[in-house]
Amino acid sequence: MAFKDVKAGLKAAKDAVSKDEYSDVLRTCEAIFKMDDSCYMACIFTGLAYLKLGNTASSKQYYKRAIELQPEEKLGWKGLADFYDKQKPTVAQDMVDAVVAYKKLLQYLDTDLEKKYLTWTKLASLEGKLGNIKKALEYYHLSVESQHASIDLWVEVISYLCSIPEEDLELMSKAVVVIMDSPSIGIETKAILRECSILKLHRVYKARLVRDQALESKIRKECQDYLADSLSCSVMSVLASLSIDNIIPNFKLFEDIMVPEDACEYFMKLHSAITGSAGWSDLDSVASLGQMLVWMANGNWKEAKEFVQRVLSLCEGRLAAACVHIHFHDHSSALLHLQEGRGMIKTAPTFLRDAYDRQFQLYQTACNIDMRSHRSIAMILPLLSKVMAGSNMDKEASILLARAYVLLGRLHEAQAVLDRILDAFDSENHVIWALKGEILHGRKEYTASLECWNLALKMKPKCSKYHLQKGIVLWDMPSRDKLEAYGTFLEAAKLDPHDATVFLYIGHYQRLAANDLVRAVKCYEKALGLNPNSAETLLQLGDAFFATGDIDTAYSVHSKLVADPGPFAKQLYMKIGLYHRKKGDNTAAIQCFQNILEMDPQDRHCWECLGEAYLSRGSLNSALEAFTEVLKLELQSLNTLHQIANIKRIQGLFFGAVSDYTTVLELDSSYIPALKGRGESNLAIAVSALKEGFNGRAVDHVSLALRDLTKAAQLRPQFVCIWKLIGDCCTCLYDLDEEHLSITVPAILVDATSTAQYDCITIQKLDVFLIAKRAYGRAVQLSPGVSLHWHDLAISHYYLGKLTGNMEYFQTALQLMQKALTIMGSNYLHWIGLGVIAKALSNFPLTQHAFIKSIQLESNNPVAWSNLGALYLEHGRAELAHEAFKYAQSFDPTYVPAWIGQAMIAESIGHNETMDLFRHATELAYHPQGAIGYGYWVCHSLQTIDRKLVLECDGTTLNVTAQRGVLQARDGLDKCVRSCHREPCAYNYLGLLYEQEGLLKSSMMAFLSALELLRGQPETDHRMAAVKFNCARVQSALGRHLEAETLYYSLVSTADFIGKLDMALALFRASKLQDSVQMYQLLSESQDATTNRSSLFTGAAMASYLGDQGLCKELLFNAFKTSPPSLHGLVALAALGTINNDQALVQATAVEILRIIEWDSNAATLLHSSCMLALKCVHFSLQDSSLAKESIASVISHLPPPMMHPLFPQVNMFSSMKLDTLCVCSSNMAEAQKMVHMYPANPCYLSTLVFLLKNSNCELKEKYKTAVLLHVTTILSTDNCDVKHHILQRTLPKLKHTVSLM
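These figures come from a predicted structure and were not determined experimentally.

Reading guide: rules and limits
- Residues numbered from 1 in each chain as written.
- Predicted model: local features only at pLDDT ≥ 70, side-chain atom pairs only at ≥ 80, totals over all residues.
- Heavy atoms only, no water.
- Helix = DSSP H or I, 4+ residues; strand = E, 2+ residues; numbered from the N terminus.
- Buried < 20%, exposed > 50% of the residue type's maximum accessible area, 1.4 Å probe, protein only.
- Areas by Shrake-Rupley, 256 points an atom, 1.4 Å probe, with all protein chains shown as cover.
- Phe/Tyr/Trp six-rings, centres within 6.5 Å; stacked < 30°, edge-to-face > 60°.
- Expected span 1.5 Å × (residues − 1).
- Contact = heavy atoms within 4.5 Å.
- Polar contact = N/O pair within 3.5 Å; in protein donor to acceptor, adjacent residues only side chain to side chain.
- Salt bridge = Lys/Arg side-chain N within 4 Å of Asp/Glu carboxyl O.
- Core = buried A, V, L, I, M, F, W, Y, C linked by side-chain atoms within 4.5 Å.
- Disulfide = S-S within 2.5 Å.
- pLDDT = per-residue confidence, 0-100.
- Axes fitted to C-alpha atoms, helices over the stretch in contact; angles between N-to-C directions.
- Parallel < 35°, antiparallel > 145°, perpendicular 65-115°, else oblique.
- Left-handed = near helix turned anticlockwise from the far one by under 90°.

Caption draft 1: Representation of the overall build of the chain. Helices and strands together make up the secondary structure of the chain, namely 69 helices and two strands. Looking at the chain as a whole, 49% of its 1302 residues are labelled buried. Of the accessible surface of the chain, which amounts to about 62,700 Å², a share of 53% is contributed by carbon and sulfur atoms.

Shown next, in the form of structure tokens:
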């Protein structure tokens, strides 16, 4: 039942289709699908109905469903094909489905040729749209071979062939013939189709891997035929492109550009057509390139440059643009175009790509060589290796390689390449001669190089480059006139006004030869405008500005090069460093010079500049190291040796400086800076010697300085500094005593008319200062506008006034100083000088005014404050003087005169800090007034010093502070008397200090000198009496008793207690015992002997001992009874009792001594060697008294080690003594060992060491046993047999016993 219904439904649907009732068809098919959803015919009818009703999506769906149900049935495929016929597929998937449907339909069209033809055309179109070019061409071939092929199909074929990259020239030719022969196609359509075919042929031609000459000829013929009938810019562009492809790849680096006449015609016609037409902008690049080539061939480079931007879309245009920029020497732009062009090579014809790549590389290499930058040099050889990879004998590449070697300085390799070129190519070519000229120029064979350039110019006379190179050779030839080179440069500039190098060398000529800096700057600026990236031009422009004095502009120009200095890095940093040096920025200059040395550590000039920069900055050690490096590179560099000497002079190493200056003068005896430097160094040595008191050395070095400076003045009398130094050498000796100043100077200084150039004479102090006056006068004549020279001249007249007492000198000095003030009244030193000179003239108001004015100009002025204080002090204004000196001290705490002034004020008011002030002044620096003042106060202190400061009984050794004061005062006075021999007080104080130190002969000489200076003074002069007393005392101590006695007797009437006491001692030493006893007795009865009467009795006893022992004993008993008793008197009494075997007396005195020591522990220090005698006395008189022994041992143990140790062996004689009371400890052991080292020949100290070692504990024995054995070995090895015998006789038995105990 269902089958019948389906069949009936299909019949109804078919009837509805025939009646175009498609809605009924859809209802009927819907009913059928309900009964049979896989009904094939129902799907066909539904797809048709939907197609007719416009529902394309549903129609395509049901057709595909029918094909799925029965793939081999025709109706489904035909329906789908009909669908795509009506609904042209636009989506790729629909196109694919349509192709499948059309191909399936072809299987059912075996005999229907017309339908096959239509299906083939549809398939060709669809395959073409899908990009299946081969299948599309296959269907086009089937279509055109059909008898049903129409003219429209041929038009479609040509259009398609023109649109695809693949070539099918056969089909294209057939299509063109058919179309051209068809009367049904219009002339315009035929022209369009023919033009398209020509363009297609051109594209095919460009795609060939190898140049197709036949195809090129065919294209040319087609173009010419076409242009004969009609005008087409596209066709003309094809002809122009063909010509360009024959011109640009054949560009020659060293030849002019050549363009054939027919090509010129095409280029000009095309350019005219494009210019006069609209809508041809896509052809403008080809037209512009063609026109640009024409202008380049004709030498119209400016017009060609205007078209550069129009051709940059073409690979060929980039190369042509690079050529234009190279002509204008804009190598940076040229390199940019060449680099971009290499990236566009794929747009060039396939068969020309290698040729274009080679051209780009060659031109890149040429640009890099011409630019001569450090970056381009690094790129040259790699590029050439790429260019020559295919052929080692490429002429252009070989020439470039040779030029690159020349540029890099590898001339031997350049010559080798040239030889290979000559073997393979024509040697008469101008390029070869130019290359020869470059190589010979690099070898500095200028004459041969010049001949080569002349030959090159003979072959190519209009080549500006050859003129330039010839000019450079002439410029470098020392024997040729620079003007000849200048003319050659001008000729080059006429031929090529765009070459920056030409104007660079013209600038060289103007700056170095013509000395026209203004024109030189203009030429350099012109060169820089032509080539802004030229490092050399910037460098030279900066030099020109520097030469004109515009150093700031020079620096700004040079600074532009810092980022990329190229091969001029050293020169650039040198110039910038020199700029910083001139501006005073030495740190920046040092950095620049260090940059140079990092590049070239062997650059001697840079080391020298670095040393000078360090020297200017004050880094003396670094400067010395830099100049030392210069000496390593050049041993005999005068300037370097001179600078090293200068540094040592500045550092205060004057003797080393003198040695170095001498080395310079050995190389060049007339080297003025060395003569001046050595003179200045000797002057500095002299000044230093004067400060130290070495006056003779000072005079010697001043003499040496004057010799050098005189020679320098003879060689260069116009040098002011030399005359000033001569004056300074003379004036520095002012403080030396007039009678003792004798100096040797060149005779010409004394007598200008002297003919003996190098003879010397000896002159005195006055003549020295007359030389100073003349020297300063000469300096004033040479530089009258310098106030300091007038100042020096005034001071020299002041010194002459002081020496001669002539007031006219002071008056002249005052006028000269006033002249200095009129020149520079703001100089505070001039006002100080004016005040000093006014003081000499007793013009005290002017003196005060001058010092105050100096302070107003410079408040931090200790000299003026001190002078003002001295003025106030002289006039009794102590308070004002104190304030002035206080200000001077605050401004400069090391200024000695200020401290001396304060000390004088303290002395005048009796202040207890006077000595401290003089001491501080002496410690700061030597000054004669300070030395005398401090010497006086030290001597005064020694008169009243407390006995507690004394360490030994003779009183010659003071404590550390007092002893240092004696030494300082003595040194200061010694310097004072050496420079000034007219101060008797200084000699007197010096004698006292020498006496204090035990230097009695020196002391006597000082006192005698003082007496000599005081000769002629009245006897009542207290200074004369004091010096005589001092001299007599010292002479007596030296054993010169007669002289001492004579002096004492001359002073009896005026002698005080101390003087008479010294006289008594002197009489004793002179063996005039009776007179000595009488003097002591006389003194003991005086009122001044209340506390010293016991000591006076002891002295009288000492004097009477040899003459009357009874009187001696009586006097000693009187000393014993007198309170307080003299300890030395008690010891003497004990000694007398021992001699007389009076044990009672010895016992009594010993008990008294022990009582005194126990009561006053400091009294033990007075015993010293006398204590030895006391111990012996006790030993003989109290042998059985162990208590006495222990008491004496206790006293000894508390003595200082130097006094204690000699007594130990004596104590060791007491066998029953308690040894622990002797304080045997490590410190005593060490002290004993030290004494043995100091006095190895004294047996007492070695015995002490043995004694201590014997009575020490085990630990100390182990510690010092080796030392004792070493001392024994030393004794046994001594060469002095007497000493050895004496020491061993007294010490060895004890030592052996001690060692055995160990």
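Caption draft 2: Quick peek at the packing of aromatic side chains. Scanning the entire structure with this criterion turns up 14 aromatic pairs. Ring centres 5.3 Å apart and planes at 35° place the aromatic pair Phe489 and Tyr505 in the tilted group. Taken as a pair, Phe489 in helix α26 (residues 482-495) and Tyr505 in helix α27 (residues 500-513) lie far apart in primary sequence, 16 residues in all. Each member of the pair, Phe489 together with Tyr505, is buried. Look at Trp865 and Tyr887: their rings are 4.5 Å apart centre to centre, the planes differ by 25°, and that puts the pair in the stacked class.

Caption draft 3: Local environment of helix α43 (residues 807-823). Here α43 spans 25 Å end to end across 17 residues, near enough to the 24 Å set by a 1.5 Å rise per residue. Residues Tyr809, Phe810, Ala813, Leu814, Leu816, Met817, Ala820 and Leu821 constitute the buried set of α43. On its buried side, α43 packs onto α41 (765-782), α42 (787-804), α44 (828-840) and α45 (844-857). If you check the start of α43, you find a side-chain oxygen 3.0 Å away from the backbone N of Glu808, and it comes from Asn806.

Caption draft 4: How the structure looks around the pattern of salt bridges. For the structure on display, the rule yields 31 salt bridges. A salt bridge links Arg480 to Glu484; its shortest N-O distance comes to 2.6 Å. By relative accessible area, Glu484 is classed as partly exposed at 35%. With a closest N to O distance of 3.9 Å, Asp916 and Arg919 form a salt bridge. Placement of the pair is Asp916 and Arg919 together in helix α49 (residues 914-924), with a separation of three residues, close to one helical turn.

Caption draft 5: Up close: the nonpolar core. Formed by 214 residues in total, the largest nonpolar core has its most connected members in Met292, Leu293 and Ile726. Looking at which element gives the most residues to this core, the answer is helix α21 (residues 395-408), with nine residues. Residue contacts for Met292: discarding those within four places in its chain leaves Ala304, Phe307, Val308, Val311, Ala320, Ala321 and Val324. Counting 61 residues, the second-largest nonpolar core is a separate cluster that includes Ile900, Met1004, Val1034 and Leu1047.

Caption draft 6: Expanded view of the state of the cysteines. Inspection of the entire model under this criterion finds zero disulfides. The closest cysteine sulfur to the non-disulfide-bonded Cys606 is located on Cys609, 6.4 Å from its own sulfur. Overall, the relative accessible area of 0% leaves Cys606 in the buried class.

Caption draft 7: Just the side chain of Ser787, in detail. When you line up the elements, Ser787 lands in helix α42. Engagement of the side chain of Ser787 in a polar contact is seen with the side chain of His830, the distance being 2.9 Å.

Caption draft 8: Layout of the environment of Leu829. Mapping Leu829 onto the fold places it in helix α44. Note: C-alpha distance between Leu829 and Asn861 (32 residues apart in sequence) is 9.4 Å.

Caption draft 9: Quick peek at helix α31 (residues 569-583). Here α31 contains 15 residues, and its C-alpha end-to-end distance of 21 Å stays within 8% of the 21 Å for a straight helix at 1.5 Å per residue. Those residues of α31 not exposed but buried are Ala569, Leu572, Tyr573, Met574, Ile576, Gly577, Tyr579 and His580. At its buried positions, α31 is contacted by α29 (535-548), α30 (551-559), α32 (586-599) and α33 (604-617). Count one or two residues on from α31 and you reach Gly584, which has phi positive near 90°.

Caption draft 10: Expanded view of the confidence of the model for the chain. Mean pLDDT for the chain: 77, with 72% of residues reaching 70 or above. Under a pLDDT of 50 for its full length, residues 1212-1224 has, in the predicted model, 26 contacts with residues more than four places off or in other chains. A low-confidence stretch, residues 1278-1302 stays under pLDDT 50, and its non-local contacts, those more than four residues away or across chains, total 35 contacts.

Caption draft 11: Spotlight on the packing of helix α53 (residues 1000-1013) against helix α54 (residues 1022-1037). Two numbers describe how α53 lies on α54: the axes approach to 9 Å, and their chain directions differ by 150°. If you check the angle between α53 and α54, you find them roughly antiparallel. Handedness of the α53/α54 crossing: left-handed. Here α53 contributes Leu1000, Ser1003, Met1004, Phe1007, Leu1008, Ala1010 and Leu1011 to the contact with α54, which in turn contributes Met1024, Val1027, Lys1028, Asn1030, Cys1031, Val1034, Gln1035 and Ala1037.

Caption draft 12: Just the packing of α33 against helix α34 (residues 620-633), in detail. At a minimum axis distance of 8 Å, the contact between α33 and α34 shows a crossing angle of 160°. One element, α33, and the other, α34, form an angle in the roughly antiparallel class. In this structure, α33 crosses over α34, and the sense of that crossing is left-handed. Contacts between α33 and α34 pair Arg604, Trp607, Glu608, Leu610, Gly611, Glu612, Tyr614 and Leu615 from the former with Leu620, Ser622, Ala623, Ala626, Phe627, Glu629, Val630 and Leu633 from the latter.

Caption draft 13: Just the environment of Asp552, in detail. Summarising the element assignment, Asp552 is placed in helix α30. Look at Asp552 and you get partly exposed, because its relative accessible area is 42%. Note: C-alpha distance between Asp552 and Lys583 (31 residues apart in sequence) is 9.4 Å. Ignoring sequence-local partners within four residues, the contact set of Asp552 consists of Tyr579 and Lys583.

Caption draft 14: Looking closely at the environment of Asp892. Within the secondary structure layout, Asp892 lies in the loop between α47 (878-891) and α48 (896-909). Residue Asp892 is classed as partly exposed on the basis of its relative accessible area, which comes to 25%. Separated by 32 residues in the primary sequence, Asp892 and Asn860 have C-alpha atoms spaced 8.2 Å apart.

Caption draft 15: Unusual backbone geometry, seen in detail. Even without being glycine, His329 reaches a positive phi, approximately 65°. Structurally, the position occupied by His329 is in the loop between α17 (315-327) and α18 (331-343). Even without a glycine there, the phi angle at Asn515 is positive, about 60°. Mapped onto the fold, Asn515 is located in the loop between α27 and α28 (517-530).

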